[in-house]
Amino acid sequence: MGAITISRQMSSQGDALAAQVAQRLGWRHVGRELINQAAVGAKVPDVALAELDELGIFGLKPSVEAWQAYHDQVQQIIRTLAAAGEVVIVGRGGQMVLHDCPDVLHVRVVAPFDQRVARLQETRHLPLAAATAIIEKSMEARARYIIQSYDVVLDDPSLYHLILNTGLLGFSQAVDLVVQAYQDLSSG
């Protein structure tokens, strides 16, 4: 098998870290496209839009049946990806889907709120109030998804092998730590 799951706070550099780890290991990197793939497979495109719409701008409320079909498809895709091995999976509760797999490293990437807001302001050219609101909505949506899907708290440290604070660590140091942790896990 062999996989790494990356759970991240918005603008914590988790997506970039996942991509860099995948590149360093020569592995596949799977992120947001997982949402679309699952929605297509479950034949519920409205769920994909709702899941991508962390801010709730579209106001979509998929049916319980559509959401469950999507959720089941997400889990199946994550398990299939992990079974194939050599993959870094970002988000969608991968740490829960693969929690019982001994050769999967689960990583959480965090950063101080003010740093995440500043990063979002810079990358999207947003005023402070807008960046703050987006980060807050993202936190709510991601926490809601994990509670609704797995009945656990997203920030529970017992879900992860490694929690990295990119506000305190340099980016390349964080990448090195994930690669080293996976190599240690897979050899031990």
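The rules behind the values
Residues numbered from 1 in each chain as written. Predicted model: local features only at pLDDT ≥ 70, side-chain atom pairs only at ≥ 80, totals over all residues. Heavy atoms only, no water. Helix = DSSP H or I, 4+ residues; strand = E, 2+ residues; numbered from the N terminus. Expected span 1.5 Å × (residues − 1). Buried < 20%, exposed > 50% of the residue type's maximum accessible area, 1.4 Å probe, protein only. Arc of directions from axis to C-beta. Contact = heavy atoms within 4.5 Å. Axes fitted to C-alpha atoms, helices over the stretch in contact; angles between N-to-C directions. Left-handed = near helix turned anticlockwise from the far one by under 90°. Nonpolar A, V, L, I, M, F, W, Y, C, P; charged D, E, K, R; others polar. Pairing = 2+ DSSP bridges. Phe/Tyr/Trp six-rings, centres within 6.5 Å; stacked < 30°, edge-to-face > 60°. Lys NZ or Arg CZ within 6 Å of the ring centre and 35° of its normal.

S.K.: Would you mind showing me how to read helix 8 (residues 171-187) here?
M.R.: Since the α-helix advances by 3.6 residues per turn, residues separated by three or four positions end up pointing in the same direction. Taking 1.5 Å as the rise per residue, helix 8 with 17 residues should run 24 Å; its terminal C-alpha atoms sit 25 Å apart, in good agreement. Taken as a whole, helix 8 has its buried residues at Ala174, Val175, Val178, Val179 and Tyr182. End-on view of helix 8: buried residues confined to an arc of 135°, all on one side of the axis. In helix 8, the exposed residues that point more than 90 degrees away from the buried face are Ser172 and Ser187. Contact partners of the buried residues in helix 8: strand 1 (3-8), helix 1 (14-25), strand 4 (104-110) and strand 5 (162-165).

S.K.: Could you clarify how one ought to interpret the packing of helix 6 (residues 113-124) against helix 7 (residues 128-150) in this entry?
M.R.: The description of two packed helices rests on the angle between their axes and on the distance between the axes. Remark: helix 6 packs on helix 7, axes separated minimally by 9 Å, with the N-to-C direction vectors making an angle of 115°. Considering how the two elements wind past one another, helix 6 and helix 7 form a crossing that is right-handed. Packed against helix 6, whose contacting residues are Phe113, Arg116, Val117, Leu120, Gln121 and Arg124, the element helix 7 presents Leu128, Ala131, Thr132, Ile134, Ile135, Glu136 and Met139 at the interface. Class assignment of the residues belonging to the contact of helix 6 with helix 7 gives a composition of eight nonpolar, two polar and three charged.

S.K.: Sorry if this is basic, but what is going on with the environment of Arg28 here?
M.R.: If you trace the backbone, Arg28 turns up in strand 2 (residues 28-30). Taking relative accessible area as the criterion, Arg28 reaches 46% and is therefore assigned partly exposed. As for Arg28 and Ala3, which are separated by 25 residues in sequence, their C-alpha atoms are 9.6 Å apart. Look past the residues within four positions of Arg28 in its chain and what remains in contact with it is Ala22, Leu81, Glu86, Val87 and Val88.

S.K.: How should the pairing of strand 1 be read in this particular structure?
M.R.: Counted residue by residue, strand 1 has six buried out of six residues, so it is predominantly covered. The side-chain alternation of strand 1 yields two buried faces, one formed by Ala3, Thr5 and Ser7 and the other by Ile4, Ile6 and Arg8. Here strand 1 pairs with strand 4 via six bridges, running parallel. Paired with Arg8 across the strands is Val109, a residue of strand 4.

S.K.: How do you make sense of the packing of aromatic side chains when you look at a structure like this?
M.R.: Centre distance and the angle of the planes are the two values used to describe a pair of aromatic rings. Per the stated rule, a full pass over the model turns up one aromatic pair. Residues Trp27 and Tyr182 carry aromatic rings whose centres are separated by 4.9 Å and whose planes lie at 80° to one another, so their mutual orientation is edge-to-face. Of this pair, Trp27 sits in the loop between helix 1 and strand 2 while Tyr182 sits in helix 8, and the two are 155 residues apart along the sequence. No difference in accessibility class separates Trp27 from Tyr182, as the two residues are buried. For Arg92, the ring lying beneath its charged end belongs to Tyr145, and the centroid distance is 4.1 Å.

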